[in-house]
Every structure is written in structure tokens, then in C-alpha cells.
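Read off the chains here:
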Amino acid sequence: MMNLGGAYMSSYDNSFDKLDDLSIVDSLVQLSFLIQNILARIGAEHDLSIIQIRLLGILRDREPGMLQLAKHLGLDKSSITGLVDRAQRRGLVERTVSPADKRGFNVRATAAGWQIIHEVGEQIERQITEVTAGLTEAERAQTIALASKILVTAPGASR
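Cut-off values and rules
- Residues numbered from 1 in each chain as written.
- Predicted model: local features only at pLDDT ≥ 70, side-chain atom pairs only at ≥ 80, totals over all residues.
- Heavy atoms only, no water.
- Helix = DSSP H or I, 4+ residues; strand = E, 2+ residues; numbered from the N terminus.
- Buried < 20%, exposed > 50% of the residue type's maximum accessible area, 1.4 Å probe, protein only.
- Contact = heavy atoms within 4.5 Å.
- Areas by Shrake-Rupley, 256 points an atom, 1.4 Å probe, with all protein chains shown as cover.
- Patch = residues over 30% accessible without salt bridge, like charges linked within 9 Å, V, L, I, M, F, W, Y side chains within 5 Å.
- Salt bridge = Lys/Arg side-chain N within 4 Å of Asp/Glu carboxyl O.
- Expected span 1.5 Å × (residues − 1).
- Axes fitted to C-alpha atoms, helices over the stretch in contact; angles between N-to-C directions.
- Left-handed = near helix turned anticlockwise from the far one by under 90°.
- Nonpolar A, V, L, I, M, F, W, Y, C, P; charged D, E, K, R; others polar.
- Core = buried A, V, L, I, M, F, W, Y, C linked by side-chain atoms within 4.5 Å.

1. Comments concerning the overall build of the protein chain
Here's step 1: Across its full length, the protein chain holds six helices and four strands.
Here's step 2: Starting at the N terminus and walking to the C terminus, you meet the elements of the protein chain as β-β-α-α-α-α-β-β-α-α.
Here's step 3: In the protein chain, which comprises 159 residues, the proportion classed as buried is 27%.
Here's step 4: By sequence separation, contacts in the protein chain at least 24 residues apart represent 43% of the contacts at least 6 residues apart.
Here's step 5: For the protein chain, the computed accessible surface area is about 10,900 Å², with 57% contributed by carbon and sulfur atoms.

2. Things to note about a nonpolar patch on the surface
Here's step 1: A surface patch of nonpolar side chains, about 640 Å² in accessible area, is lined by Ile24, Val25, Leu28, Val29, Leu31, Phe33 and Ile150.
Here's step 2: With six residues, the single largest contributor to the nonpolar patch is helix H1 (residues 24–45).
Here's step 3: In this structure, Leu31 sits in helix H1.
Here's step 4: The partly exposed category is assigned to Leu31, whose relative accessible area is 44%.

3. So, H1
Here's step 1: Taking 1.5 Å of rise per residue, 22 residues should cover 32 Å, and H1 covers 32 Å from first to last C-alpha, within 8% of that figure.
Here's step 2: All of the buried residues along H1 are Gln30, Leu34, Ile38, Leu39, Ile42 and Gly43.
Here's step 3: Summarising the contacts, the buried residues of H1 are in contact with helix H2 (50–58) and helix H5 (111–131).

4. Observations regarding the packing of H1 against H5
Here's step 1: Running from amino to carboxyl end, H1 crosses H5 at an angle of 145 degrees, the nearest separation of the two axes being 10 Å. Considering the relative orientation of H1 and H5, their crossing is right-handed. Across from Leu34, Ile35, Ile38, Leu39, Arg41, Ile42 and Glu45 in H1, the residues of H5 making contact are Val120, Gln123, Ile124, Gln127, Ile128 and Val131.
Here's step 2: Along the lines of polarity and charge, the residues of the contact of H1 with H5 split into nine nonpolar, two polar and two charged.

5. Let's talk about helix H4 (residues 77–89)
Here's step 1: Given a rise of 1.5 Å per residue, 13 residues ought to cover 18 Å, and the 18 Å separating the end C-alpha atoms of H4 matches this to within 8%.
Here's step 2: Buried residues of H4: Ile80, Gly82, Leu83, Val84 and Ala87, and no others.
Here's step 3: Where H4 is buried, its residues contact H2, helix H3 (66–73), strand E3 (93–97) and strand E4 (105–109).
Here's step 4: Just downstream of H4 lies Gly91, where phi reads positive at about 80 degrees.

6. Some words on the nonpolar core
Here's step 1: With 26 residues, the main nonpolar core has Leu69, Ile80 and Val93 as its most contacted residues.
Here's step 2: For this core, the secondary-structure elements that each account for two or more residues are H1, H2, H3, H4, E4 and H5.
Here's step 3: Excluding anything up to four places from it in sequence, Val93 contacts Leu56, Leu59, Val84, Ala87, Gln88, Val107, Arg108, Ala109 and Thr110.

7. A word on unusual backbone geometry
Here's step 1: Of note in the backbone geometry, Asp47 takes a positive phi value of approximately 55 degrees without being a glycine.
Here's step 2: Considering the arrangement of structural elements, one finds Asp47 in the loop between H1 and H2.

8. Let's talk about the pattern of salt bridges
Here's step 1: Taken as a whole, this structure holds five salt bridges when the rule is applied.
Here's step 2: Across the pair Arg95 and Asp85 runs a salt bridge whose closest N-O atoms are separated by 2.7 Å. Residue Arg95 is found in strand E3, and its partner Asp85 is found in helix H4; the two are separated by ten residues along the sequence.
Here's step 3: The partner of Arg103 in a salt bridge is Asp101, and the shortest N-O contact between them spans 3.2 Å.
Here's step 4: A relative accessible area of 74% means that Arg103 is categorised as exposed.

Keep in mind that these numbers describe shape and distance, not what the molecule does.
Below, the structure written as C-alpha cells:
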């Protein structure tokens, strides 16, 4: 947040005169900036980077192998190893021997990791709900449908 003459403003630029004039690219990029700012702010409160938030988000419903994690996060082997090492040192994740390949490891959240997952998840949900409060139920449903379609059909999108 920036202090401008005593008034606090978010780092998201809300200065467009007519939002109807935004192209699809500008609209999606500005929306992405808004979401990234929310994630960064929440992450900072918990001493987490956005990539660490993404890691914990993946671990909410699965225990992937290191290669699966690297692919999903778009990281190379050394980067995913460093990311998991840092999270493990903080006590947020642990490696387990892969049942499918005894030479490999899966990654899962620890009790401390689950606590952060719940806290951060609730904060993200609350802030995104606030941001979308101006949408009607029909607009929310349409936004979900369009975002889901983009995610499913986008080349190279991690799923």
C-alpha cells in the first residue's frame, strides 16, 4: 500500500477512466496484477513467496512427486528441490518415499503446513470475495465458466 497525502491506496492501478475501453489483453493482465498483489500481500504476512503459496495450494489435495511438482509449477529440477528444501526447513512440508518408485519422493504438507494452508486459503478467499463483491451471481457464474474454459484450453497451462 502506498500513502498518498494521508490516504492509503493499494498498489493496484485503478486509474482507468473507462474500463469498457480495455482490450482482452489489458483486462486479463490487470486482473492478473490484482490477484498477484493479493497473493503477495497475504504471502508477506506469512513470510511466504507467491511460489510457496502455489506449492502449498497444490498440496491441499495431493501428494505429488518432485517431477510432478516441477511440471505443475513450471520449475526445473534444481529450483523445485530448493523450493521444497526451504519449505521443509520451515516445517511446512515433508518428503515421503514414493510408493510407485522407491527411488523418488513425494511431497506432503505437515501439520504446520496444513495450518498455513487453511489460514492463507481463508485470507485469499475473503479478499477475492471482497474484490468480486460487485458482481451479480450470474456474473460470478459467467466469470467462473470463462476462467475455467481459458484454463482448460490454454496451451501449456498446468493443471
